[in-house]
Amino acid sequence: MASKGVCEEKKDADNNEESDVVPDFEPGASLESMLVTTDSFEELEQEMDSSFDERQMKESTTSTISEIQEELNDTTVPEDSSSEQDDKIIENDEVEEIASQLSETSLTSNEDANAAATPVGSLPEEDYWQNPEWKERKKHVFILSAAGKPIYSRYGTEDKLVTIFGVMQALVSFVQTNQDTIRSIHTGNSKFVFLIKGPIILVSVSRTTESVSQLVLQLTYVYNQVVSVLTSSQLNRIYEQRRNYDLRRLLAGAERLIDHLLNFMEREPAFLLGAVKCLPLTPSVRDSITQTIVQTCGKIKNLVFAILLAKSQLITLVRMKKYFIHPADLHLIFNLVNSSESFKASESWTPICLPKFDSSGFLYGHVSYLSDDCQACLLLLTVDRDVFFTLSEAKQKIVEKLRRSNCLEAINESVNRPSYTASQVGVPEMRHFLYKCKSTAQFWSPALEPPYHTTEESQRLLGLYQALHHHLHAASRPLKLLHQQLDKETMLGWVTSGFELYVTFEPLITKHSAINAVNKLLRWIKKEEDRLFILNAPTF
Amino acid sequence: MTSKSEINLQNFYVYNSSFGQKEGEEDKKILFYYPPKTDFDTQMKNVGLSEAIIKFTDTFNADQLCDALHTQKTRQLYHQAEQGFWMVMTLSIPFVTKVKDGTEYLEYQSDDVQDNVYLAVLRQSYQMFRLFKGSFTAILSSSGADVTHLKQKLDHFFSRYLLTLKLNHSDILDVFQGIQFLPLDKQTFLHVQCFVNLIEATFAQVKQTAFLYNDQLVWTGIEPEDMQVIYRYLVTSLLPAHLETELQGGSMPRHPTSPFSSSHYGRFVTGPPNLQDASGNSWKVPKVYINNDMTPELYHLVVYRALSATVCMFIEGSLQLNLDFFKRLDIFLGPHLTTLVSEVAEHCSRQAASSSTNSVDPSPKFVYFNKLNLAQKSTVHLDNRRSGNVAVTPEVLRLLADINADKTRMSTTGEIILKTMSDYWVVGKLSNLREFYVVIHQKNANLIEINDEVKRLSDTQLHNIFFHD
């Protein structure tokens with residue numbers, strides 16, 4: 001643990017102007033991290049600015065998966081390397097098989113997703129764009145091919161929206177004829193954001209207060225969700241072969257995942273922060289869980305990641321040396337687990353592509369819940385497609401050991417315990433906060449209390465955080481500090497080299513009290529850090 | 001460090017889709033296109049894109065108009081100036097050349113072009129057109145719906161106006177388009193008012209009058225919405241140009257017979273430059289249309305200046321102005337104005353002396369705007385010429401417009417304090433319809449100190465104005 005002590009005053013030129021206000025330390029900081037800690041927004045800017053061709057080049061020359069396979073297979077397994085070749089020229093049939101496999105695993109009973117997928121209105125013959133209810137949706141998301149073929153619409157069936165898809169495609173290609181790229185259209189209350197990713201176009205039509213870069217980030221997630229089902233190499237190849245291909249055939253199962261992902265992003269600050277939240281556990285319990293996984297799986301070749309999670313919070317993550325997981329990939333995994341009821345019923349074997357890890361190939365995941373009496377989900381991700389039974393066996397052993405060491409109980413206890421609230425920190429004027437530790441890409445936030453306990457209010461709160469985040473991270477004019485007095489609350493955002501803090505206060509709090517509150521909060525997080533964060537980065 | 005390219009005007013067009021709906025007559029919908037050398041196909045394509053974008057956005061929200069299109073390399077602003085008449089302005093996004101992995105690439109700085117600022121620039125261009133030419137619909141109906149006439153007026157106005165746009169120095173003041181007022185003591189103010197009344201009583205042709213000292217407005221009888229456009233024209237265009245010709249040695253002495261015996265300093269800024277030369281037909285007085293939203297009124301705008309004082313007289317547009325009228329005006333205005341201006345000047349120097357204690361500390365800079373009376377004051381800007389003469393960095397100046405763009409979230413009152421990476425503190429306060437922005441460059445300050453500093457500043461600079469804390 002490398003965190004600096006509370007009382008230790010660092011005379012850092014960068015931070016000392018606040019040293020009289022807040023002690024300079026970074027709760028939750030760690031020298032090692034299992035997560036890639038790049039700022040998602042910086043990355044996004046790069047992605048938007050570099051041309052697609054460059055990215056493709058990079059992707060095809062550095063396939064992490066084949067790198068692992070080569071390293072582990074000692075070059076004596078020609079069979080495997082040829083199967084790798086097969087992968088590259090995989091037939092469409094096989095992809096469809098994989099896709100249908102996925103659609104089976106993701107048969108969801110999630111009500112949100114169902115509601116979202118339900119067509120609007122009772123007039124199936126009518127075009128949606130003439131339907132006021134459809135038009136007034138807060139956020140539409142469309143996916144289409146570069147040729148204008150509908151792939152996905154968040155609301156309504158694509159077939160009824162052919163005209164709109166056609167217009168979107170025309171706008172994109174018109175601007176392209178000027179060697180330029182369309183980014184967004186702005187009207188009084190809406191933003192129309194375009195993201196062109198190789199052979200597909202993603203469009204968001206939003207009436208929310210989110211910034212363009214935040215909407216682009218969401219579209220990137222949606223794109224990554226598509227890649228996660230197909231791999232980028234497969235996606236590109238399909239359109240190289242048939243420009244007019246109807247991708248819906250392959251994405252039948254993934255639609256649910258996208259629906260769910262979009263709803264997920266509307267509630268979770270994790271996406272905005274590019275960080276992951278951990279399930280609070282005492283360090284000894286967490287260590288013992290981690291050690292159990294390391295000991296049981298340490299001998300299994302080709303195992304890249306073991307991930308244990310519950311309630312969209314990370315319990316532990318064990319990784320192969322040298323390899324890290326990007327928070328964006330982890331978010332997709334959370335989404336997959338959350339939207340797939342079938343994982344609860346039985347252990348599953350599912351191909352999954354982690355776009356940030358390696359967008360060109362699949363990892364294979366053994367996915368299962370620990371037991372009927374412990375709703376934590378374990379994912380064992382490997383590059384080897386034939387080790388289901390090895391991993392299944394490993395999982396059984398892990399569960400047995402965890403049960404014996406009372407870790408299942410500890411997990412259950414934490415899952416069922418109501419989360420900390422802001423008031424437990426002991427600062428009465430503070431209503432809520434988000435704290436992100438930059439060096440570990442982990443964040444923590446308390447449970448939502450009144451007045452933010454309703455869906456509407458909690459979404460408004462997330463909107464406030466998004467606006468705050470946008471100002472602080474504006475690409476050309478980034479800020480260190482922002483204090484904003486609004487009608488219903490006072491918001492404070494503070495970015496240092498070590499952490500990002502976003503706090504919601506009572507509207508009439510004085511600046512003096514706000515600063516004291518922040519001090520007190522940071523000390524509290526420091527005190528709790530080994531429960532709220534994972535401070536090490538275990539490997540097999 | 002590589003240098004940044006500038007914001008350039010790529011094109012600017014005015015169209016109305018309801019014209020030229022017949023096949024083969026599509027060209028009729030384009031009323032003005034800049035640059036004029038653009039081939040017709042390109043014009044049609046670009047107008048077509050604008051039409052498509054407006055229609056597309058309309059699909060999703062019929063009640064909100066399209067404001068802007070962002071592409072990687074350009075920014076396009078939209079303004080429906082009158083029903084069906086769209087004005088579109090396309091700007092290039094500045095870029096810097098960067099090197100990554102040994103290859104050069106261009107990084108476009110799209111945040112440098114702020115929608116709210118350039119939408120304001122576009123709206124101003126319409127207001128300025130309307131001031132001098134009247135509204136589109138009025139022009140059309142005066143010529144029996146013949147588009148040619150409108151096209152000529154658009155071309156006549158915009159082909160010159162567009163060259164005067166200072167796109168790289170547009171900022172939050174363009175959004176406000178406020179007026180700088182000169183506060184006077186009661187007596188001096190009454191003298192100015194008496195003078196104005198005297199003009200209007202003596203010359204029945206003068207319907208309205210405005211009085212300025214330097215670039216500050218002292219008195220006006222014109223409605224604020226019109227005055228802000230006229231003020232802008234005077235301060236950024238007419239007066240600077242006039243000063244320049246004067247500085248160039250006064251090539252045309254006003255009283256060539258007896259330049260030294262002249263009892264006053266007055267001269268016409270718009271009007272005959274030489275009152276003795278009866279043959280001089282080379283002068284023109286601009287005509288302006290005001291009150292365009294209700295019943296448009298046409299006036300001659302005669303501007304007369306003595307030393308730092310400027311009098312703008314709005315004379316009934318139907319009248320013919322002859323040299324004799326100007327002579328009578330000059331005889332009346334010259335002596336009166338010369339005495340009045342020294343009184344105003346005296347007051348101002350007294351003010352400057354007494355307030356100099358406040359301005360000793362030059363560090364905090366501020367911009368103030370009151371939407372109710374359009375009053376504006378800025379110590380961030382060192383002059384009124386929009387030439388980029390500012391006391392803060394361009395980034396900080398843009399932050400002011402960022403805050404302004406975000407103020408919709410603050411309803412009627414609110415406050416935002418932020419600190420940049422380069423240790424500038426920027427404070428934005430909103431109270432009812434007043435906006436107050438402060439910039440403080442103080443590395444070692446904290447939130448509370450900055451808050452106190454802003455309080456001090458608003459106490460000394462904006463007495464009597466209540467800001468919610």
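A quick note: this is a predicted structure, and the numbers were derived from the prediction, not measured. (Residues numbered from 1 in each chain as written. Chains lettered and ligands numbered in written order. Predicted model: local features only at pLDDT ≥ 70, side-chain atom pairs only at ≥ 80, totals over all residues. Heavy atoms only, no water.)

Caption draft 1: Representation of the overall build of chain B within the structure. The helix and strand tally for chain B stands at 10 helices and 18 strands. On C-alpha atoms alone, chain B measures out to a radius of gyration of 25 Å, which is about the 23 Å that the 2.2 N^0.38 rule sets for 469 residues. The C-alpha extent of chain B, read off along each of the three principal axes, is 75 × 70 × 45 Å. Taking all 469 residues of chain B together, 52% fall into the buried category. Taken as a whole, chain B presents about 21600 Å² of accessible surface, with 52% of it coming from carbon and sulfur. Across chain B, the centroid of the 43 positively charged side chains sits 2 Å from that of the 51 negatively charged ones. (Helix = DSSP H or I, 4+ residues; strand = E, 2+ residues; numbered from the N terminus. Rg over C-alpha atoms; globule rule 2.2 N^0.38 Å. Buried < 20%, exposed > 50% of the residue type's maximum accessible area, 1.4 Å probe, protein only. Areas by Shrake-Rupley, 256 points an atom, 1.4 Å probe, with all protein chains shown as cover. Lys, Arg positive; Asp, Glu negative; His and termini not counted. Charge placed at Lys NZ, Arg CZ, Asp CG, Glu CD.)

Caption draft 2: Geometry of the overall build of chain A. Check the secondary structure of chain A and you find 21 helices and 16 strands. Considering chain A as a whole, with its 540 residues, one finds that 62% of them fall into the buried category. Counting contacts in chain A only where the partners sit at least 6 residues apart, residues at least 24 apart contribute 68% of the total. Entry remark: accessible area of chain A is about 20900 Å², with carbon and sulfur atoms responsible for 50%. (Contact = heavy atoms within 4.5 Å.)

Caption draft 3: Looking closely at the packing of helix H21 (residues 511–532) of chain A against helix H10 (residues 447–461) of chain B. One can describe the packing of H21 of chain A onto H10 of chain B by two numbers: an axis separation of 9 Å at closest approach and a directional angle of 170°. Looking at the two axes, H21 of chain A sits roughly antiparallel to H10 of chain B. Where H21 of chain A approaches H10 of chain B, its residues Lys511, His512 and Ile515 of chain A are matched on the opposing element by Leu447, Ile448 and Asn451 of chain B. (Axes fitted to C-alpha atoms, helices over the stretch in contact; angles between N-to-C directions. Parallel < 35°, antiparallel > 145°, perpendicular 65-115°, else oblique.)

Caption draft 4: Layout of the side chain of threonine 71 of chain B. Mapped onto the elements of the fold, threonine 71 of chain B is located in strand E3 (residues 66–71). Within the structure, threonine 71 of chain B has its side chain in polar contact with the side chain of threonine 74 of chain B (distance 2.7 Å). In contact with threonine 71 of chain B, not counting residues within four places along its chain, are Val175, Asp180, Thr181, Ile182 and Arg183 of chain A together with Ile93 of chain B. (Polar contact = N/O pair within 3.5 Å; in protein donor to acceptor, adjacent residues only side chain to side chain.)

Caption draft 5: Layout of the packing of helix H9 (residues 212–230) of chain A against helix H15 (residues 327–339) of chain A. Residues and elements named next belong to chain A. The geometry of H9 relative to H15 is characterised by a closest axis approach of 11 Å and an angle of 70° between their N-to-C directions. In terms of axis orientation, H9 runs roughly perpendicular to H15. Judged by the twist between their axes, the crossing of H9 over H15 is right-handed. Of H15, the residues touching H9 (which contributes Tyr221, Asn224, Gln225 and Ser228) are Ala328, His331, Leu332 and Asn335. Within the contact of H9 with H15, the residues separate by chemical class into three nonpolar, five polar and no charged. (Left-handed = near helix turned anticlockwise from the far one by under 90°. Nonpolar A, V, L, I, M, F, W, Y, C, P; charged D, E, K, R; others polar.)

Caption draft 6: View of the sheet that holds strand E7 (residues 303–310) of chain A. All names here are of chain A. An order of E8-E7-E11-E10-E9 is seen for the five strands of this open sheet, with the pairing classed as antiparallel. This sheet does not close on itself; its edge strands, each paired only once, are strand E8 (313–319) and strand E9 (348–352). Between one strand and the next, the sheet's axes are offset by a mean angle of 20°, whatever the strand orientation. In this fold H15 packs onto E7, E8, E9, strand E10 (363–371) and strand E11 (374–382), with an angle of close to 60° to the strand it touches most, E7. (Pairing = 2+ DSSP bridges.)

Caption draft 7: View of the pattern of salt bridges. Applying the stated criterion across every chain, the model contains 31 salt bridges over all chains. Note that arginine 130 of chain B is salt-bridged to aspartate 293 of chain B, the shortest N-O span being 3.1 Å. Here arginine 130 of chain B is found in helix H2 (residues 115–133), whereas its partner aspartate 293 of chain B is found in the loop between strand E11 (287–290) and strand E12 (297–306), with 163 residues between them in sequence. Of the residues examined, arginine 130 of chain B reaches a relative accessible area of 15% and is grouped as buried. Via salt bridges that share partners, Arg431, Glu457, Arg460, Glu489 and Glu506 of chain A belong to a single interconnected network. (Salt bridge = Lys/Arg side-chain N within 4 Å of Asp/Glu carboxyl O.)

Caption draft 8: Examining the packing of aromatic side chains more closely. The full count for this structure, using the stated rule, is 51 aromatic pairs over all chains. Pairing phenylalanine 194 of chain A with phenylalanine 56 of chain B gives two aromatic rings, centres 6.5 Å apart and planes at 50°, and the pair type is tilted. Of this pair, phenylalanine 194 of chain A sits in strand E4 (residues 191–197) while phenylalanine 56 of chain B sits in helix H1 (residues 40–60), on two different chains. The buried category is assigned to phenylalanine 194 of chain A, whose relative accessible area is 2%. Between the NZ or CZ atom of arginine 137 of chain A and the centre of the ring of tyrosine 155 of chain A, over which it lies, the distance is 4.1 Å. One Lys or Arg, lysine 277 of chain A, reaches over the ring of tryptophan 444 of chain A and ends 5.5 Å from the middle of that ring. (Phe/Tyr/Trp six-rings, centres within 6.5 Å; stacked < 30°, edge-to-face > 60°. Lys NZ or Arg CZ within 6 Å of the ring centre and 35° of its normal.)

Caption draft 9: Molecular detail of the interface of chain A and chain B. The interface is formed by 55 residues belonging to chain A together with 54 residues belonging to chain B. Between chain A and chain B, roughly 5000 Å² of surface is buried when both sides are summed, and carbon and sulfur atoms account for 58% of that area. Seen at the junction of chain A and chain B, the total is three salt bridges. Here glutamate 415 of chain B ties to lysine 511 of chain A by a salt bridge, and the two come within 3.1 Å at their closest N and O atoms. Joining chain A to chain B, the criterion identifies 24 residue pairs in polar contact (both at pLDDT 80 or more). Elements that contribute at least two residues to the side of chain A that touches chain B include exactly helix H7 (132–135), strand E1 (139–145), helix H8 (162–176), strand E3 (182–187), E4, helix H20 (455–473), strand E14 (479–485) and H21 of chain A. (Buried area = accessible area lost by both parts, 1.4 Å probe.)

Caption draft 10: A look at the state of the cysteines. Within the structure shown, the criterion is met by zero disulfides over all chains. Of all cysteine sulfurs in the structure, the one in cysteine 377 of chain A sits closest to cysteine 353 of chain A, which takes part in no disulfide; the separation is 19 Å. Take cysteine 312 of chain B: it sits in no disulfide, and the sulfur closest to it among the cysteines is that of cysteine 348 of chain B, at 17 Å. Accessibility expressed as a relative area gives 0% for cysteine 312 of chain B, which makes it buried. (Disulfide = S-S within 2.5 Å.)

Caption draft 11: Up close: the nonpolar core. Counting residues in hydrophobic clusters, the biggest one holds 106 residues, and the most contacted among them are Ile307 and Ile333 of chain A. At 11 residues, the largest contribution of residues to this core is made by H9 of chain A. Formed jointly, this core draws a minimum of three residues from each of two domains, domain 2 (108–267) and domain 3 (276–416) of chain A. Of all hydrophobic cores here, the second largest spans 102 residues; its members include Leu461 of chain A together with Leu167, Val380 and Leu397 of chain B. (Core = buried A, V, L, I, M, F, W, Y, C linked by side-chain atoms within 4.5 Å. Domains from an automatic or database assignment.)

Caption draft 12: Layout of the sheet that holds strand E5 (residues 85–92) of chain B. The strand order E2(A)-E1(A)-E5(A)-E4(A)-E3(A)-E3(B)-E4(B)-E5(B)-E1(B)-E2(B) describes an open sheet built from 10 strands, whose pairing is antiparallel. Each edge of the sheet is formed by a strand with only one pairing partner; in this case those strands are strand E2 (150–153) of chain A together with strand E2 (30–34) of chain B. Strand after strand, the sheet turns through a mean of 15° between neighbouring axes, direction not considered. Relative to E5 of chain B, strand E1 (residues 9–16) of chain B runs antiparallel, the two sharing seven bridges. In the sheet register, asparagine 16 of chain B faces E5 of chain B, and the bridge partner there is phenylalanine 85 of chain B.

Caption draft 13: Representation of the pairing of E4 of chain A in the model. All names here are of chain A. Counting buried positions along E4 yields six of seven residues, so the element is predominantly enclosed. Sheet topology places E3 next to E4; three bridges connect them, and they run antiparallel. Across the sheet, histidine 186 pairs through a bridge with lysine 191, a residue of E4. Between E3 and E4, which pair antiparallel one after the other, the connecting turn spans three residues.

Caption draft 14: Up close: unusual backbone geometry. A cis geometry characterises the amide bond from proline 450 of chain A onward to proline 451 of chain A, with omega recorded as 10°. Of note, the bond from tyrosine 34 of chain B into proline 35 of chain B is cis; its omega dihedral lies within 30 degrees of zero at 0°. Here proline 35 of chain B is to be found in the loop between E2 and H1. With a phi close to 50°, lysine 311 of chain A is a non-glycine residue in the positive phi region. Along the polypeptide, lysine 311 of chain A turns up in the loop between E7 and E8. Here lysine 311 of chain A falls in the exposed class, since its relative accessible area comes to 51%.

Caption draft 15: Fine view of the domain arrangement of chain B. Residues and elements named next belong to chain B. Along its sequence, chain B is organised into domain 1 (4–170), domain 2 (186–248 + 265–273 + 284–356) and domain 3 (365–462). A straight line from the C-alpha centre of domain 1 to that of domain 2 covers 34 Å. Contacts between the two partners involve nine residues from domain 1 and, on the opposite side, 11 residues from domain 2. Regarding the contact of domain 1 and domain 2, the summed buried area is about 1000 Å², with carbon and sulfur atoms giving 61% of it. For domain 1, the biggest contributors to the area lost against domain 2 are Arg130, Leu131 and Phe132; these three give 56% of the whole. Our count for the contact surface shared by domain 1 and domain 2 stands at one salt bridge. Taken together, the residues of the side of domain 1 that touches domain 2 sort by class into three nonpolar, four polar and two charged.

Caption draft 16: Structural detail: the UniProt feature "domain: FUZ/MON1/HPS1 first Longin" (unreviewed entry) in chain A. Listed under "domain: FUZ/MON1/HPS1 first Longin" (unreviewed entry) in the UniProt record, and renumbered for this structure, are residues 139–261 of chain A. The distance separating the terminal C-alpha atoms of residues 139–261 of chain A is 13 Å; by composition the span is 46% helix and 25% strand. (UniProt positions renumbered as here; feature names shortened; annotations may be inferred.)

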